[in-house]
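The residues making up each chain are set out below.
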Amino acid sequence: MNLLKGQAMSNRMWGGRFGGSPDDIMEEINASIGFDQRLFAQDIRGSLAHAQMLVKQGIISAADGKAIADGLGQIEAEIKDGTFTFSRALEDIHMNIEARLGELIGEAAGRLHTARSRNDQVATDFRLYVRDALDHMGAQIHGLMGVLLNQAEAHAETIMPGFTHLQPAQPVTFGHHLLAYVEMLARDAGRFGDARARMNESPLGAAALAGTGFDIDRDMTAQALGFDRPMGNSMDAVSDRDFALEALSAAAICATHLSRLAEEIVIFSGPAYGFFDLPDAFSTGSSIMPQKRNPDAAELVRAKTGRIIGALGGLMIVMKGLPLAYSKDMQEDKEGVFNALDSLSLSLAAMSGMMGALGINGEAMRAAAGSGFSTATDLADWLVREAGLPFRQAHHVTGQLVALAEENNCALEDVPLADMQNVEAAISENVFSVLSVDNSVASRRAFGGTAPDNVRARVAHWQNWLSENAPS
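To start, this report covers the structure provided alongside it.

The rules behind each value
- Each chain carries its own residue numbering, running from 1 in the written order of its sequence.
- Predicted model: local features are reported for residues with pLDDT of at least 70 only, side-chain atom pairs are reported and counted for 80 or more only, and whole-chain, interface and lining totals are derived from all residues.
- No hydrogens and no water enter the side-chain calculation; it runs on all heavy atoms of the structure.
- In DSSP terms, a helix is any run of H or I states spanning at least four residues, a strand is any run of E spanning at least two, and both are numbered starting from the N terminus.
- Fitting a line to C-alpha atoms yields each axis, with helices limited to the stretch in contact; the angle taken between N-to-C directions then spans 0 to 180 degrees.
- Small angles under 35 degrees read as roughly parallel and large ones over 145 as roughly antiparallel, with 65 to 115 read as roughly perpendicular and the rest as oblique.
- In this analysis, two residues are considered to be in contact whenever any of their non-hydrogen atoms come within 4.5 Å of each other.
- Put simply, Ala, Val, Leu, Ile, Met, Phe, Trp, Tyr, Cys and Pro go in the nonpolar bin, Asp, Glu, Lys and Arg in the charged bin, and everything else, Gly too, in the polar bin.
- A pair of strands is labelled paired if DSSP reports no fewer than 2 bridges between them.
- The salt bridge definition used is simple: a Lys or Arg side-chain nitrogen within 4 Å of an Asp or Glu carboxyl oxygen.
- Remark: exposure states derive from per-residue accessible area (1.4 Å probe, protein chains only) relative to the maximum for the residue type, with buried under 20%, exposed over 50%, and partly exposed in between.

### Some details on unusual backbone geometry
Keep in mind that most residues, glycine aside, have a negative phi and that most peptide bonds are trans. For the bond from L324 to A325, the omega torsion is 5 degrees, close enough to zero to count as cis. Relative to the helices and strands, A325 is located in the loop between α12 (296–319) and α13 (334–357). Within the chain, A207 stands out as a residue other than glycine whose phi angle is a positive 60 degrees. Tracing the backbone through its elements, the reader meets A207 in the loop between β3 (201–202) and α9 (218–224).

Dropping the structure here:
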């Protein structure tokens, strides 16, 4: 039903509909029901809380309160089973529900809006929706962290090259590499939690902008809707969209982290590296090249980051010049937020699926870890620690030895001891203990380092954290 309406709308769009009457143009620019109908559950929750408060305060009768509650329950059922008819002429979800309530219960429906404005109503609905979305994505972040921790634990000793400038720098373990993303995601979870805590105040009861003369109980409605308290200023209550901006900011940072991981999946699954084997479920073939396996899911996670960041910029631009209190500009807050939060939720789900099923080619990783003289820093550190050279001198000697290895087309650990001693007489045969990738990785035991025991300890730390902070 709604899809057909959307198709009809699209046909009108490309049929020059703006040549119509002013009424048609105004309906088109003013209506938000096409996107804000997803707020129906929050709108009904807010209305039920408001009606119960009105009854308790003696502002409406208990009979009217019951009729309103019964009618709202029927409307929610109709929307969920797809039999509710949304009308563009009624502009938004709030008026659509109110009109249907009037059809169901008559005059009592008109009493629901006592001591309430659409301004505080939409602010409440939108805040409830964003809060629900933050809870959902917080759980998804925890789920992805769990997937990464499982892989990190399994690959605590799997050696791979660590990169700077996308050039092999020093050997690390794949488990350690994955734990870097766990740390990022933990900060993302913290940002979502902080945003949720700050936004958890109720605008309901602020009315249009000045509050109301009715003897309402804002604490009651705040508590009924799970808010910590009512907002303290009625003008701020109806005009604030900080909660949406903060949610988008946290979403944009989280999406950036996912995009970085997606980029690595794209790079490291290619034949140049061959570190990863992409799961079929998250790959596609080429329409013309039968040998291809394309990392489309990872590429789309990477791309969706752009629309999430764009939504943050878009809402900031909408809000930057608005005087107090409410302006219709704020109707433009929802589509970008909906799209961004949907995109992040999908990206989190896709990344969890990909990382859980990703095949790891440990042999290719290990071979690459030993390339590019990646243990040169270990050699320089040994010269400082064992031979007593100042680091700058050790750095210079190491550079000479790397040049010697390049000249002989061999790895550092394959340069003969005598040749090394010709460069620096203080070098002893003990130097070979630090030149293998295994010994290099094992030596990085300082807190935060890549040694396998460190990886296992950090995995245990984050597993405990997930257990203690499990979403309710």
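### Here we look at the packing of helix α8 (residues 174–199) against helix α11 (residues 242–268)
Running from amino to carboxyl end, α8 crosses α11 at an angle of 170 degrees, the nearest separation of the two axes being 9 Å. By the criterion of interaxial angle, the relationship of α8 to α11 is roughly antiparallel. Between α8, through H177, Y181, M184, L185, D188, R191, F192, D194, A195, R198 and M199, and α11, the contact on the second element is made entirely by F243, E246, A247, A250, A251, I253, C254, H257, L258, R260, L261 and E264. In the contact of α8 with α11, the residues fall into 14 nonpolar, two polar and seven charged.

### Notes on the pairing of strand β2 (residues 167–173)
Sheet topology note: the strand β1 (residues 159–164)/β2 ladder contains six bridges and is antiparallel. Bridge pairing links G162 to Q170 in β2. Where β1 folds back onto β2 in an antiparallel hairpin, the turn is made up of two residues, including H165, whose phi is positive at roughly 60 degrees.

### Examining the pattern of salt bridges
According to the stated counting rule, one finds 27 salt bridges in the structure shown. Between R302 and E263 there is a salt bridge, with its nearest N and O atoms 2.4 Å apart. In this pair, R302 is assigned in helix α12 and E263 in helix α11, connecting sequence segments 39 residues apart. For E263, a relative accessible area of 31% gives the class partly exposed. In this structure, R444 engages D378 in a salt bridge whose closest nitrogen and oxygen atoms are separated by 2.8 Å. Taken together, the residues span a long stretch of sequence, with R444 in the loop between α18 (437–443) and α19 (452–468) and D378 in helix α15 (residues 376–385) at a distance of 66 residues. A cluster of three or more residues bridged by salt bridges with shared partners is formed by D64, E107 and R111.

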